[in-house]
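# Structural description and commentary
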Amino acid sequence: MLALLFIDLDRFKSVNDSLGHAAGDELLREVATRLSGCLREVDMIARHGGDEFVVLLEDIERLEEVEQVTARMRTALTEPLTVQGQDVIVTSSIGVALYPRDGEVASTLLRNADSAMYRAKDEGRNTVRFYLPELDAPATARPPVKT
């Protein structure tokens, strides 16, 4: 089994707005380093765009393994980051889609992990949610989420 994680930093825009884009870029580099430190050698991480990261966990045998990785990630981000001399606390909303259960092609897995991430944001941020088929309700039926 594979797990695709879609990670979005909560309220990242406020960092860019208050400290500037250079500080936001510095924060993203540190977040990437911390998230990478939570992974095994066989796993992959990529910045998807803006403040979003995608992680591929390979050779997953039990859901508990995914839960352990996401818990390590959330813990790694709870330590304040120093950006341009200021401490910044970062939280993340993480959506998870599993192969082959939640899709058999990359685009489907990414879409489903993204849907799960929006559910995490809808439910208060700073949490992890696994994809559920009922998340496929039309996007227009869901209120927009502020990032």
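A short tour of the structure in this document, coming up. (Residues numbered from 1 in each chain as written. Predicted model: local features only at pLDDT ≥ 70, side-chain atom pairs only at ≥ 80, totals over all residues. Heavy atoms only, no water.)

## Some words on the overall build of the chain
In terms of regular secondary structure, the chain is built from 4 helices and 7 strands. The linear arrangement of helices and strands in the chain, starting from the amino end, is β-α-α-β-β-α-β-β-β-α-β. Overall, the C-alpha framework of the chain stretches about 45 × 40 × 20 Å when taken along its three principal axes. Scored against the burial criterion, the 147 residues of the chain give a buried share of 42%. Partitioning the contacts of the chain with sequence separation of at least 6, the portion at a separation of at least 24 is 63%. Of the accessible surface of the chain, which amounts to about 7900 Å², a share of 52% is contributed by carbon and sulfur atoms. Side chains of the chain carry 17 positive and 25 negative charges; the gap between the two charge centres is 5 Å. (Helix = DSSP H or I, 4+ residues; strand = E, 2+ residues; numbered from the N terminus. Buried < 20%, exposed > 50% of the residue type's maximum accessible area, 1.4 Å probe, protein only. Contact = heavy atoms within 4.5 Å. Areas by Shrake-Rupley, 256 points an atom, 1.4 Å probe, with all protein chains shown as cover. Lys, Arg positive; Asp, Glu negative; His and termini not counted. Charge placed at Lys NZ, Arg CZ, Asp CG, Glu CD.)

## What about the packing of helix H2 (residues 21-36) against helix H3 (residues 63-78)?
The N-to-C vectors of H2 and H3 enclose an angle of 140°; their axes lie 9 Å apart at closest approach. When the interaxial angle is binned, H2 and H3 end up oblique. Between H2 and H3 lies a crossing whose hand is right-handed. Counting all contacts with H2, which are made through Val31, Arg34 and Leu35, the residues of H3 involved are Met73, Ala76 and Leu77. (Axes fitted to C-alpha atoms, helices over the stretch in contact; angles between N-to-C directions. Parallel < 35°, antiparallel > 145°, perpendicular 65-115°, else oblique. Left-handed = near helix turned anticlockwise from the far one by under 90°.)

## Section: the nonpolar core
Core analysis: the largest hydrophobic core is formed by 31 residues, its most contacted members being Leu5, Leu27, Val31, Leu57, Val66, Met73 and Val96. When sequence neighbours within four positions are dropped, the list of residues in contact with Met73 reads Leu5, Ile7, Leu35, Cys38, Leu39 and Val55. Counting 10 residues, the second largest nonpolar core, distinct from the first, contains Ala97, Leu109, Ala113 and Met117. (Core = buried A, V, L, I, M, F, W, Y, C linked by side-chain atoms within 4.5 Å.)

## Considering the side chain of Asp43
In this fold, Asp43 is placed in the loop between H2 and strand E2 (44-49). Looking at Asp43, its side chain comes within polar contact range of the side chain of Arg40, at 2.7 Å. Aside from chain neighbours lying at most four places away, what touches Asp43 is Leu56, Leu57 and Glu58. (Polar contact = N/O pair within 3.5 Å; in protein donor to acceptor, adjacent residues only side chain to side chain.)

## Details of the pattern of salt bridges
This structure, assessed with the given rule, holds 9 salt bridges. The salt bridge involving Lys13 is made with Asp17; its shortest N-O contact spans 2.7 Å. One end of the pair is Lys13 and the other is Asp17, both in helix H1 (residues 12-19) and 4 residues apart, which spans about a single turn. Across the pair, Asp17 and Lys13 agree in class, each one exposed. Glu123 is the partner of Arg119 in a salt bridge, and the nearest nitrogen-oxygen pair spans 3.1 Å. Take Glu123: its relative accessible area is 42%, and that puts it in the partly exposed class. (Salt bridge = Lys/Arg side-chain N within 4 Å of Asp/Glu carboxyl O.)

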